[in-house]
Amino acid sequence: MPRLHVNIDHVATVRQARKAQQPDPVFAAGLCELAGANGITAHLREDRRHIQDRDIRLLREVVKTLFNLEMAYTPEMIKLAHEIRPDQVCLVPEKREELTTEGGLDLHSMPDSFAGDIKALQDNGIDVSLFIDPDPNLIEAAAGADAAFIELHTGAYANAKGKQRENELKRLTTAAIYAHELGLRVNAGHGLDYDNVMAIAQIPFIEELNIGYSIIGRAVYVGLDQAVREMQDRVLAASPLEE
Ligand code: PXP
């Protein structure tokens, strides 16, 4: 059964709309944990549009479950990760104009320093996860770079309908099994909501689901505690397929 990691970026989006002090994503992280979240995820974007450096430092101190820092592969972020030492770093591609992370990492065009930087992070006690599309060549490249985890990009599945959604689900399942065979640990996320999460939670070998937008959006109506509990209930209710 995968663990639920709540991405709290959009609590900070609301705060930054007024450049004020509330709502505080650090406080929200505590509420998510009290509601049963198994981990907290935050993305420190280069343009600091939502999460700020101060949030990351405080989250490292207060998160009691597992703190996953999403970030771009840049010298600034690598340096910060070594300093903050989150439990896990998820490397994602980042474009200034995008509303959210659009695609996975293109592991075929990484600089020579990539595998060494992954090793240095992991030697510093930080698990590295690579956010990639469910493509066998990318999974092989992730295994070649010796990352502990991949995070499978579920966005194409979330956006697809009907037959195409079934195909995307098959791609994700095949990818999770292949990654496991190659010795990688597997997470998944992006675009998951209360309706589409159960099929993903049933995929074998997926350890963590990173879910943000749908939970924070629902929290506006029902409160954060209930929004997290409702998602956790769905994840727990999904009976695993044969591994
Ligand atoms: N996983 C990764 C790597 C992401 O970049 C994001 C978005 O920040 C998520 C998961 C969560 O996506 P969503 O907000 O659509 O649930």
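Remember, predicted model here, so these are calculated numbers, not experimental data.

> Before we go on, may I ask you to explain the packing of aromatic side chains in this structure?
Given two aromatic rings, their pairing is described by the distance between the two centres and the angle made by the two planes. Going through the model one piece at a time under the given rule, you end up with 1 aromatic pair. Judged by centre distance (4.9 Å) and plane angle (80°), the ring pair of tyrosine 73 and phenylalanine 114 falls under edge-to-face. Separated by 41 residues along the polypeptide, tyrosine 73 in the loop between strand 3 (67–71) and helix 4 (75–84) and phenylalanine 114 in helix 5 (residues 113–123) bring together distant segments of the chain. Above the plane of the ring of tyrosine 157 lies arginine 165, whose end atom (NZ or CZ) is 5.0 Å from the centre. Over the face of the ring belonging to tyrosine 194 we find arginine 218, whose NZ or CZ atom lies 5.6 Å from the ring centre.

> Please explain the pairing of strand 1 (residues 3–7) as it appears in this structure.
Counting buried residues along strand 1, 4 of its 5 residues qualify, which places the element largely inside the surrounding structure. With 4 bridges joining them, strand 1 and strand 8 (residues 206–211) adopt parallel strand pairing. Across the sheet, the residue bridging to leucine 4 is leucine 209, located in strand 8. Bridge count for strand 1 against strand 2 (residues 39–43) is 3 bridges, and the pairing is parallel. From the neighbouring strand, histidine 5 faces strand 2, where its bridge partner is glycine 39.

> Looking at this structure, how should I read a nonpolar patch on the surface?
There is a patch of nonpolar side chains on the surface, built from Phe27, Leu31 and Leu34 and spanning about 340 Å² of accessible area. Structurally, the position occupied by phenylalanine 27 is in helix 2 (residues 25–34). Relative accessible area serves as the criterion here: at 59%, phenylalanine 27 is assigned to the exposed category.

> Any chance you could explain the sheet that holds strand 1 here in plain terms?
Sheet strands pair via backbone hydrogen bonds, and the direction of the pair is either parallel or antiparallel. One closed barrel holds the 8 strands; their spatial order is 1-2-3-4-5-6-7-8, and the pairing between them is parallel. For this sheet the average axis-to-axis angle between neighbouring strands, irrespective of direction, equals 25°. Each of strand 4 (88–91) and strand 5 (127–132) is contacted by helix 5, which is oriented at about 140° to strand 5, the strand it contacts most. Against the sheet, helix 8 (residues 162–181) makes contact with strand 6 (149–153), strand 7 (185–189) and strand 8, and its axis sits at roughly 175° relative to strand 6, the strand it touches most.

> In this structure, what is going on with the side chain of glutamate 168? I would like to understand it.
As for its placement among the helices and strands, glutamate 168 is situated in helix 8. For glutamate 168, the side chain forms a polar contact with the side chain of arginine 171, separated by 3.2 Å. Discounting residues that sit within four places of it in the chain, glutamate 168 has contacts with Ala156, Tyr157 and Ala160.

> Explain the pattern of salt bridges here, please?
Oppositely charged side chains may form a pair once their charged atoms are brought near each other. Per the counting criterion, the structure on display carries 16 salt bridges. Its salt-bridge partner being aspartate 24, residue arginine 54 comes within 2.9 Å of it at the nearest N-O pair. Of the two residues, arginine 54 sits in helix 3 (residues 53–62) while aspartate 24 sits in the loop between helix 1 (9–17) and helix 2, which places them 30 residues apart along the sequence. With a relative accessible area of 39%, arginine 54 lands in the partly exposed category. Arginine 49 is paired through a salt bridge with aspartate 47; the nearest N and O atoms lie 3.1 Å apart. Of the residues examined, arginine 49 reaches a relative accessible area of 27% and is grouped as partly exposed.

Rules behind the numbers
- Residues numbered from 1 in each chain as written.
- Predicted model: local features only at pLDDT ≥ 70, side-chain atom pairs only at ≥ 80, totals over all residues.
- Heavy atoms only, no water.
- Phe/Tyr/Trp six-rings, centres within 6.5 Å; stacked < 30°, edge-to-face > 60°.
- Helix = DSSP H or I, 4+ residues; strand = E, 2+ residues; numbered from the N terminus.
- Lys NZ or Arg CZ within 6 Å of the ring centre and 35° of its normal.
- Buried < 20%, exposed > 50% of the residue type's maximum accessible area, 1.4 Å probe, protein only.
- Pairing = 2+ DSSP bridges.
- Patch = residues over 30% accessible without salt bridge, like charges linked within 9 Å, V, L, I, M, F, W, Y side chains within 5 Å.
- Areas by Shrake-Rupley, 256 points an atom, 1.4 Å probe, with all protein chains shown as cover.
- Salt bridge = Lys/Arg side-chain N within 4 Å of Asp/Glu carboxyl O.
- Axes fitted to C-alpha atoms, helices over the stretch in contact; angles between N-to-C directions.
- Contact = heavy atoms within 4.5 Å.
- Polar contact = N/O pair within 3.5 Å; in protein donor to acceptor, adjacent residues only side chain to side chain.

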